[in-house]
Amino acid sequence: MKKFKENWEITQNWQLFYPIFGMLLALGSGLLIAFRFSDSFESGSIEQLIFIVVATLVLTYIFIKVSLFFFSKLKNRWLLEYRWEFIAVFIVFAITGSTAGRISSPVMEFIGLDYESISGWLYWPLRIILIFPLYQILLLIVAWIFGQYKFFYSFEKKMLSRMGLGFLFKSKTE
């Protein structure tokens, strides 16, 4: 455990939450995908169970390896103080993206633009356009919950400025 803490620059025990939660999210994602692909087996069979267990473990391993690869590539681009913060940032991105995608459909229905009432050619572009502002708002909320608000606020300022929306961050005293 000491070597693990040193590797991730964990100085306080509460920071262990991020790698543990990150591994649980990778495991959960692997399990969800394995369940999706297990439909070809007879429901409840031993073959289905073996497939789900093996596929979950393989996918979890792949997710963790890909994440570690991205950590090494982004280490010089993202100015984070500790290595465990990379896990927190990835968790924020994962939760925000999933949540924005999930709530965009009910929001579309709420404003009267459900999939049955308009053409798919119009529905999907509108839904994607709706996801963008939802994602921006959710990103800051989830970042605040996970203690990464400062990183994501500057991340959003930079991204929106590059998209020509920098005027949203200009102060009135300038």
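Heads up: the structure comes first, above all this text.
Residues numbered from 1 in each chain as written. Predicted model: local features only at pLDDT ≥ 70, side-chain atom pairs only at ≥ 80, totals over all residues. Heavy atoms only, no water.

1. Examining the packing of aromatic side chains
Under the counting rule described, the total for this entry stands at 25 aromatic pairs. Seen from their ring centres, Phe17 and Phe21 are 5.1 Å apart, and the 15 degrees between their planes marks the pair as stacked. Of this pair, Phe17 and Phe21 are both found in helix α2 (residues 17–37), four residues apart, which corresponds to roughly one turn of the helix. Phe17 sits in the partly exposed class, given a relative accessible area of 40%. Classification of Phe21 as partly exposed rests on a relative accessible area of 24%. Taking 5.1 Å as the distance between ring centres and 40 degrees as the angle between the ring planes, the aromatic pair formed by Phe41 and Phe51 counts as tilted. Taken together, the residues span a long stretch of sequence, with Phe41 in the loop between α2 and α3 (46–74) and Phe51 in helix α3 at a distance of ten residues. Its relative accessible area of 28% is what places Phe41 among the partly exposed residues. Taken together, the aromatic side chains of Trp8, Phe71, Trp78, Phe86, Phe90, Phe93, Phe151, Phe152 and Phe155 make up a single cluster linked through ring pairs. Positioned above the aromatic ring of Trp8, the side-chain terminus of Arg83 is 4.8 Å from the ring centre. (Phe/Tyr/Trp six-rings, centres within 6.5 Å; stacked < 30°, edge-to-face > 60°. Helix = DSSP H or I, 4+ residues; strand = E, 2+ residues; numbered from the N terminus. Buried < 20%, exposed > 50% of the residue type's maximum accessible area, 1.4 Å probe, protein only. Lys NZ or Arg CZ within 6 Å of the ring centre and 35° of its normal.)

2. Observations regarding helix α6 (residues 149–162)
Each α-helix turn comprises 3.6 residues. Residues three or four places apart therefore point the same way. Taking 1.5 Å per residue as the helical rise, α6 with its 14 residues ought to reach 20 Å, and the 20 Å between its terminal C-alpha atoms agrees with that figure. Every buried residue of α6 is accounted for by Phe151, Phe152, Glu156 and Leu160. All buried residues of α6 lie within an arc of 145 degrees about the axis, which places them on one face of the element. Residues of α6 that are exposed and point over 90 degrees away from its buried face: Lys150 and Arg162. Buried positions along α6 lie against α4 (84–110) and α5 (120–145). Phi turns positive one or two residues past the end of α6, at Gly164, with a value near 85 degrees. (Expected span 1.5 Å × (residues − 1). Arc of directions from axis to C-beta. Contact = heavy atoms within 4.5 Å.)

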